[in-house]
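Coordinate inspection notes
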Amino acid sequence: MKKFENIKKYYKPLQPTIKVENKKIIYRELPPTKEIENFVYCFWQLKTQNSLDYSFIYRVVSDGCIDIFFNHNLPVENFVTGFCRKYTEFDIGKSFDYIGIRFLPSAFPLLFGINAKNLSNQSQELKHIIPKLSNWITTEIKPTQSFKKVTQLLIKKFTKLTEDKTFQFDYRFLNALNLIFQKNGFLDTEKELDIGLSPRQLRRLFNFYIGTTTKTFSNVVRFQHILNAKPSIQSLKENKLYFDVGFFDQAHFIKNFKTFYGVTPSEAFR
């Protein structure tokens, strides 16, 4: 598992926080325990403190991950969302409380043996994918439990799952994944991923563990690298960070960013 530990070292999949001025909505994250930190990036909650005057549109940006999430007020409503090649938006109403688990890239297929390609670019009811886990969420999670308590239950559940599992994977795939992370997604995936696998074998493994091709995943990693740098509009203009990760000009960068985020960098970082 040593190789697998590198994922959390090199990759931090971020989602936008709720704007400070929107005091009626809370978005927060809790980290996993050491026992499952190679699989889970974080546990998250998105909830209203009071009913809103409008229906809230929540934007999820591309992060290369698979998430399980559920309605805390009605846990029978539980879902899994696969790799997304572009941003997605959800109308979640005027009052809500969602809790989720963001898995590190490749962790979900490794844990559950599910082909990530079958989940890509969509949300599905968890009961159709992992019925036992869906039933556990339905029966064990209660609306009265705090986010901290729910997270403790989830940590206990996933710790048990990892303890009982024997993991087998192709180290060459992990070598390719780690190289993409180390290069911040800026590499020629056809020429630089020379790790002893044919292009066809590599495509098959990335489709299974990630849900997309090496090129598309690398583009998401590059986008996430920009987010992790937490640039301001001014610093983007002055430092031109996007040149460092292979964008030819500002127009190319803005178009790519908007695909994964849904708005331009100026709107995102203002």
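A brief report on the enclosed structure follows. Fair warning: this is a prediction, and the values are worked out from it, not measured in the lab.

Moving on, we get to the pattern of salt bridges. Two side chains carrying opposite charge are able to pair once their charged atoms lie near each other. Counted according to the given criterion, the structure contains 9 salt bridges. A network of salt bridges, in which partner residues are shared, links Lys8, Lys34 and Glu37.

This part covers the layout of surface pockets. The calculated volume of the second largest pocket comes to roughly 580 Å³. As for the second largest pocket, its lining consists of 24 residues, and the residues nearest its centre are Asp188, Thr189, Glu190, Thr214 and Lys215. When residues of the lining of the second largest pocket are traced back to their parent elements, those giving at least two are α6 (199-209) and α7 (214-228). If you tally residues by element for the lining of the second largest pocket, the top one is α7, at 5 residues.

Our focus in this paragraph is the nonpolar core. Within the largest apolar cluster, 88 residues are counted, with the highest numbers of intra-cluster contacts made by Phe103 and Phe108. In contact with Phe108, not counting residues within four places along its chain, are Ile66, Ile68, Val80, Phe103, Gly113, Ile114, Leu119 and Ile130.

The next point concerns unusual backbone geometry. Non-glycine residue Asn121 carries a positive phi angle of around 60°. Counting through the fold element by element, Asn121 comes out in the loop between α2 (107-112) and β8 (123-125). The partly exposed category is assigned to Asn121, whose relative accessible area is 37%. Positive phi, normally seen in glycine, also occurs at Asn184, with a value near 55°. Examined against the element boundaries, Asn184 turns out to sit in the loop between α5 (171-182) and α6. For Asn184, a relative accessible area of 27% puts it in the partly exposed group.

With that settled, the discussion passes to the environment of Leu205. You can see Leu205 is positioned in helix α6. A sequence separation of 35 residues divides Leu205 from Asp170, and the C-alpha atoms of the two residues are 8.5 Å apart.

The next subject is the packing of aromatic side chains. Tallying each qualifying case throughout the model produces 26 aromatic pairs. For the ring pair Phe56 and Phe96, a centre distance of 5.8 Å and an interplane angle of 25° mean the geometry is stacked. Separated by 40 residues along the polypeptide, Phe56 in the loop between β2 (40-48) and β3 (57-60) and Phe96 in the loop between β6 (88-91) and β7 (97-103) bring together distant segments of the chain. Residue class for Phe96 comes out buried when judged on its relative accessible area of 4%. Ring centres of Phe69 and Tyr98 lie 6.2 Å apart, and the angle between their planes is 65°; on these two criteria the pair is classed as edge-to-face. Residue Phe69 is found in strand β4 (residues 66-71), and its partner Tyr98 is found in strand β7; the two are separated by 29 residues along the sequence.

What counts, and at which threshold
- Here, residues in each chain are numbered from 1, in the same order as that chain's written sequence.
- Per-residue local features of the predicted model are confined to residues with pLDDT of at least 70, and side-chain atom pairs are confined, for both listing and counting, to 80 or more; whole-chain, interface and lining totals are unaffected and use all residues.
- Here the side-chain values reflect all heavy atoms present in the structure, with hydrogen atoms and water set aside.
- We define a salt bridge as a side-chain nitrogen of Lys or Arg found within 4 Å of a carboxyl oxygen belonging to Asp or Glu.
- In this analysis a 1.4 Å probe is tested at points of a 1 Å grid over the protein atoms alone, and where it fits but cannot get out there is a cavity; an open set with protein on both sides within 12 Å along at least five of seven lines is a pocket; lining residues have an atom within 4 Å of a point.
- Grid points are joined across faces, edges and corners, and a volume is the space filled by probe spheres set on the points.
- Helix and strand definitions here come from DSSP, where helices need a minimum of 4 consecutive H or I residues and strands a minimum of 2 consecutive E residues; each element is numbered from the N-terminal end.
- Nine residue types can take part in a nonpolar core, namely buried Ala, Val, Leu, Ile, Met, Phe, Trp, Tyr and Cys, and a core is a set of them joined through side-chain atoms within 4.5 Å.
- A 1.4 Å probe rolled over the protein chains alone gives each residue an accessible area, and that area as a share of the maximum for its type sets the label: buried under 20%, exposed over 50%, partly exposed in between.
- In what follows, residue pairs with any heavy atoms lying within 4.5 Å of each other are defined as contacts.
- Two aromatic rings, drawn from Phe, Tyr or Trp (for Trp, its six-membered ring), form a pair once their centres lie within 6.5 Å of each other, and the interplanar angle then sorts them: stacked below 30 degrees, edge-to-face above 60, tilted otherwise.

Just distances and angles here, no functional claims.
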